[in-house]
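Read off the chains here:
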Amino acid sequence: MRNKFLLLLIAALALSSCNESLVYSDYTPIQEGKWEMDQGVDFQFSELDSTQTYNMFINIRNDDTFAFSNLFLITELEYPSGNTVKDTLEYRMAEPSGEWLGKGMGSVKENKLWYKEKIDFPNSGVYKVNISHAMRKNGDVEGLHVLEGVTDVGLEIEKAPKL
């Protein structure tokens, strides 16, 4: 009887911890943790409710070989019509003390970074997102061709809370 109760409790906790607002989540591993500048990470999604607003997040997993306290990204969101919105984004990845801001145990940390807030997807069809890094060392004009320490790049879309 006690085992059944424990099993039921674990199942209830597992189900309640699910994120009901999550509608899309995908990750792309970065080969050997070396992200090449000209190798953007691509995501595609479709069939989202056109009457709903959403929040979009970029998820970055990094390890201890990531040598920077911030991260610059270039994103492109392509609508089914072909229109594209391009953004240059900067995210803080570490405290001035060097402590990582992401969550996780061990050497890999995961950062859930805001990308778009309260966005809607009014058109039916396939939406495309491309994410590439735009990192460079201080004082260098030319970008860093290989960024070490990023192990995975992800994209999440959640239903925005209604006020």
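Definitions and limits used
Residues take numbers from 1 onward in each chain, read along the sequence in its written order. Restriction of local features to residues with pLDDT of at least 70 applies here, the model being predicted, together with a cutoff of 80 or more for giving and counting side-chain atom pairs; totals for whole chains, interfaces and linings are based on all residues. Side-chain measures here rest on the full set of heavy atoms in the structure, leaving out hydrogens and waters. The helix count covers DSSP runs of H or I at least four residues long, the strand count covers runs of E at least two residues long, and both are numbered beginning at the N terminus. For each residue, the accessible area found with a 1.4 Å probe, counting protein chains only, is set against the maximum for its type, and the residue is called buried under 20%, exposed over 50%, and partly exposed in between. Whether two residues are in contact is decided by their heavy atoms, any of which lying within 4.5 Å being enough. Exposure was quantified through the Shrake-Rupley algorithm and a 1.4 Å probe, taking into account, for residues, occlusion by the shown protein chains and nothing else. Basic side-chain nitrogens of Lys or Arg form a salt bridge, by our definition, when they fall within 4 Å of a carboxyl oxygen of Asp or Glu. Two strands make a pair as long as DSSP finds a minimum of two bridges between them.

Under the annotation held in an unreviewed UniProt entry, the protein carries the name Gliding motility lipoprotein GldH and is attributed to [Muricauda] lutisoli.

Draft legend 1. Fine view of the overall build of the protein. Per the secondary structure count, the protein includes 1 helix and 10 strands. Moving toward the C terminus, one meets the helices and strands of the protein in the order α-β-β-β-β-β-β-β-β-β-β. Counting only residues that meet the buried cut, the protein has 35% of its 163 residues in that class. Within the protein, contacts between residues separated by at least 24 positions form 77% of all contacts whose residues are at least 6 apart in sequence. When the accessible surface of the protein is summed, it comes to about 10,500 Å², and 51% of that surface belongs to carbon and sulfur atoms.

Draft legend 2. Representation of the pattern of salt bridges. All told, the structure shown has 7 salt bridges when counted by the stated rule. In this structure, the salt-bridge partner of Glu156 is Lys112, at a minimum N-O distance of 3.6 Å. Taken together, the positions of Glu156 in strand β10 (residues 150-159) and Lys112 in strand β7 (residues 109-120) put the pair 44 residues apart, joining distant regions of the chain. Exposure remark for Glu156: the relative accessible area of 11% places this residue in the buried category. Two residues, Lys112 and Glu158, come together in a salt bridge whose shortest N-O distance is 2.6 Å. Taken together, the residues span a long stretch of sequence, with Lys112 in strand β7 and Glu158 in strand β10 at a distance of 46 residues. Residue class for Glu158 comes out buried when judged on its relative accessible area of 10%. Here the salt bridges share partners, and the residues they tie into one network are Arg61, Glu110 and Asp152.

Draft legend 3. Main features of the pairing of strand β5 (residues 70-78). By the alternation rule, side chains of β5 split into Leu71, Leu73, Thr75 and Leu77, which are all buried, and Asn70, Phe72, Ile74, Glu76 and Glu78, of which none is buried. Relative to strand β6 (residues 84-92), β5 is paired through 9 bridges, and the arrangement is antiparallel. Residue pairing in the sheet places Asn70 in a bridge with Arg92 of β6. Linkage of β5 to β6, two consecutive antiparallel strands, is achieved through a turn of 5 residues, within which Gly82 is found at a positive phi near 100 degrees. The pairing of β5 with strand β8 (residues 126-133) spans 6 bridges and is antiparallel. Its bridge partner lying in β8, Leu73 is registered against His133.

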